[in-house]
Amino acid sequence: MKILVCISKTPDTTAKIAFTDNNTKFASDGVQWIINPYDEWYALVRAIELKESDPTTVIHLVTVGQADTDPIIRKALALGGDEAIRVNADSHDSFFIASQIAEIAKQGNYDLVFTGKETIDYNGSSIGGMVAELLDLPYVSLAIKFALDGTTATIEREIEGGEETNKVQLPLVVSCQKGMAEQRIPNMKGIMGARSKPLKVVEPTPVEAYTSIASFELPPAKAGVRLIPADNPEELVRILHEEARVI
Amino acid sequence: MSVLVFLDQADGQIRKSSLEAASYGAALAEKLGVPAEGVTVGTVANDLGSLGQYGLKKIHTINNPALDNLDAQVYTKVLAELATTTGATVLVFSNNLTGKAVAPRLSVRLKAGLVAGAVALPETSAVFTVKKNVFSGKAFAHVSITTPIKIISLNPNSFSIVSKEGVAEVVDFAATIDQSKVEVTSVNKVVGEVPLTEAEIVVSGGRGLKGPENWGLVTDLAKLLGAATACSRPVADINWRPHHEHVGQTGIAIAPNLYFAIGISGAIQHLAGVNRSKTIVVINKDPEAPFFKAADYGIVGDVFEVMPKIITAVKKLKGVA
Ligand SMILES: Cc1cc2nc3c(=O)[nH]c(=O)nc-3n(C[C@H](O)[C@H](O)[C@H](O)COP(=O)(O)OP(=O)(O)OC[C@H]3O[C@@H](n4cnc5c(N)ncnc54)[C@H](O)[C@@H]3O)c2cc1C
Ligand SMILES: Nc1ncnc2c1ncn2[C@@H]1O[C@H](COP(=O)(O)O)[C@@H](O)[C@H]1O
């Protein structure tokens, strides 16, 4: 069993969001970078659990990013990946990124490709579906539970308005969210071991991007809260009805 | 050339988020001077002609029970065939869970740039540029699509439904339907509840409510207001509430007209999922709770004292005994 887990780097969830260069670039000065939570907590940890129940499983990590992504990918290796591939490119175009991942996936002949549900910075929730189409594989989006029996995967996933259970033959692409696994903290042994695990850097295959970010914009600041005295909550109901007209 | 809107259905009813997508598609088509059309996949809903009121001229139905379950691979093939046959140049989806499964695949198949999470009509005068949410609602990006065909997934609750007179022509489209490689062994749809992402009002509770036994304060108010219920992450993690209610950076992102936060501190990761709400009301006993900075209205007080009074006042307002 060979699993490819897609790992992306995002600003820490508490990072201040600001832009520079005439609002065309994210202000990354002083920003702490983390593994995108969906990739780390759900996709990667579930892959590690599958390896724990079948030690012949091999987990490869792939990231499309520049050298500043290396600390992130090392942390993912410390949690439990076997080796990592970094495609040396900087892009926010989903099609470009998906094409790079698909290329790695083709070369490695994986049984399973796991992605996170979405990146918490660019919020595309697109890469998994695109990779699946590029590989012509089934795509199960938004998985909350994943079990494997031989080459048959049983997956619970979220659909609009509810949940459903799918049975699918490998190979396939799955996007992972809450429910798949529980967050883990890397231990000392993992951190030491990660240093000697292979991290291969490859150059991107030439692909034309479909989109580009022209500029960023911050939402207007809130006017400030209007406080209603605690001994008169009825006044809140009146305001919401008569003034804000939301109830 | 045309704008083609994917119409997602639930038990024969077109979803509200798809009606928003239809209104958006019609407004965009008008801007581009082309017709707006729609497509339904799977067993057909009743009276699709009435969708003309949202500005759609024609509805293509790919009416086959084999398509009743969502398989992104199968859907992609039939939608690509339709888009190519009809010469659609812009495709519009709702950025709901169906859109998230299908639009990316279709983007690859049609070699069409995708913007997922759009919040406004595109700028079309120079380069085709779409405003979308980024950084989990903390900012917007203006994204240019450079391919001839374009796909836009519209965030639910970010474009108002516009309806006027009009009847759409309904035509069946005979697509080649592949055998699905995904077997659906069970489906569990929540019936009767307002789906969180489509709800106009959301009442949400946090750890300040102390335990699941007190959730009546949330659900009673929600019922009175016809609202959906939500919760903070720790509340779902300790199983006070089901995980699908968890909103925030790692949960669901919502943008209702009214978000009612009860006993929630307003951590930055929570705000990331709710800060697009049009009006935010916060009830918290701690005046320093960060949520007050993001709120429009607030009460600094104990939820166990304040909420029963609010519920009584809303009952009175709604004429409920
Ligand atoms: C990477 C990451 C991702 C995360 N993602 C999410 C996410 O998606 N969604 C999310 O919600 N959280 C998320 N969190 C967690 C987040 O940081 C907060 O810990 C969480 O939102 C706090 O939940 P809470 O407000 O219910 O609880 P608390 O922080 O415990 O706050 C409870 C509030 O209730 C008030 N209170 C207590 N008693 C009363 C009373 N009797 N009357 C009135 N008020 C009262 C308190 O003053 C307090 O403000 C994430 C954290 C991390 C690190
Ligand atoms: N640059 C990247 N390198 C590797 N994987 C990525 C990258 N960007 C996104 N992904 C994967 O694709 C998922 C969905 O990302 P997105 O479509 O951008 O929201 C993420 O959770 C990751 O698993």
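With that settled, consider the nonpolar core. Residue and element names in this part refer to chain B. Core analysis: the biggest nonpolar cluster contains 54 residues, and Leu 79, Leu 91 and Phe 93 have the highest contact counts within it. The contacts of Phe 93, once residues within four sequence positions are left out, are Phe 6, Ala 21, Leu 79, Gly 99, Val 102, Ala 103, Leu 106, Ile 151, Ile 152, Ser 153 and Leu 154. Formed by 42 residues, the second largest nonpolar core is a distinct cluster that contains Leu 56, Val 115, Val 134 and Ile 152.

The next subject is the domain arrangement of chain B. All names here are of chain B. The assigned domain composition of chain B is domain 1 (3-172) and domain 2 (196-318). Centre-to-centre separation of domain 1 and domain 2, based on C-alpha positions: 31 Å. The interface is formed by ten residues belonging to domain 1 together with twelve residues belonging to domain 2. Note on domain 1 versus domain 2: buried area summed over both sides is about 950 Å², and carbon and sulfur give 37% of it. Measuring nitrogen to oxygen at the nearest pair gives 3.3 Å for the salt bridge that ties Glu 200 to Lys 16. Seen at the junction of domain 1 and domain 2, the total is eight residue pairs in polar contact (both at pLDDT 80 or more). Across the side of domain 1 that touches domain 2, the residue classes break down as one nonpolar, six polar and three charged.

Bringing the sheet that holds strand β14 (residues 228-231) of chain B into the picture now. Two modes of strand pairing occur in sheets, parallel and antiparallel, and in both the strands are linked by backbone hydrogen bonds. Ordered by their spatial adjacency, six strands build an open sheet running β15(A)-β17(B)-β16(B)-β15(B)-β13(B)-β14(B), and the pairing between neighbours is parallel. Single-partner strands in this sheet number two, and they are β15 (226-227) of chain A together with β14 of chain B. Across the face of the sheet, helix α6 (residues 233-243) of chain A comes into contact with β15 of chain A together with β15 (258-262), β16 (279-284) and β17 (297-300) of chain B while running at roughly 175 degrees to β17 of chain B.

Bringing the interface of chain B and chain A into the picture now. At the junction of the two partners, chain B supplies 90 residues and chain A supplies 74 residues. When residues of chain B are sorted by the area they lose upon contact with chain A, Arg 105, Phe 135 and Tyr 297 of chain B head the list and together hold 11% of the total. Seen at the junction of chain B and chain A, the total is five salt bridges. Residues Asp 296 of chain B and Lys 222 of chain A are paired through a salt bridge, measuring 2.8 Å at the closest nitrogen-oxygen approach. Across the contact surface, chain B and chain A share 36 residue pairs in polar contact (both at pLDDT 80 or more).

Together, Met 188, Ile 191 and Met 192 of chain A line one region of the surface with nonpolar side chains, adding up to about 290 Å² of accessible area. Structurally, the position occupied by Met 192 of chain A is in helix α5 (residues 188-194).

Conventions adopted
- Residues numbered from 1 in each chain as written.
- Chains lettered and ligands numbered in written order.
- Predicted model: local features only at pLDDT ≥ 70, side-chain atom pairs only at ≥ 80, totals over all residues.
- Heavy atoms only, no water.
- Core = buried A, V, L, I, M, F, W, Y, C linked by side-chain atoms within 4.5 Å.
- Buried < 20%, exposed > 50% of the residue type's maximum accessible area, 1.4 Å probe, protein only.
- Contact = heavy atoms within 4.5 Å.
- Domains from an automatic or database assignment.
- Buried area = accessible area lost by both parts, 1.4 Å probe.
- Salt bridge = Lys/Arg side-chain N within 4 Å of Asp/Glu carboxyl O.
- Polar contact = N/O pair within 3.5 Å; in protein donor to acceptor, adjacent residues only side chain to side chain.
- Nonpolar A, V, L, I, M, F, W, Y, C, P; charged D, E, K, R; others polar.
- Pairing = 2+ DSSP bridges.
- Helix = DSSP H or I, 4+ residues; strand = E, 2+ residues; numbered from the N terminus.
- Axes fitted to C-alpha atoms, helices over the stretch in contact; angles between N-to-C directions.
- Patch = residues over 30% accessible without salt bridge, like charges linked within 9 Å, V, L, I, M, F, W, Y side chains within 5 Å.
- Areas by Shrake-Rupley, 256 points an atom, 1.4 Å probe, with all protein chains shown as cover.

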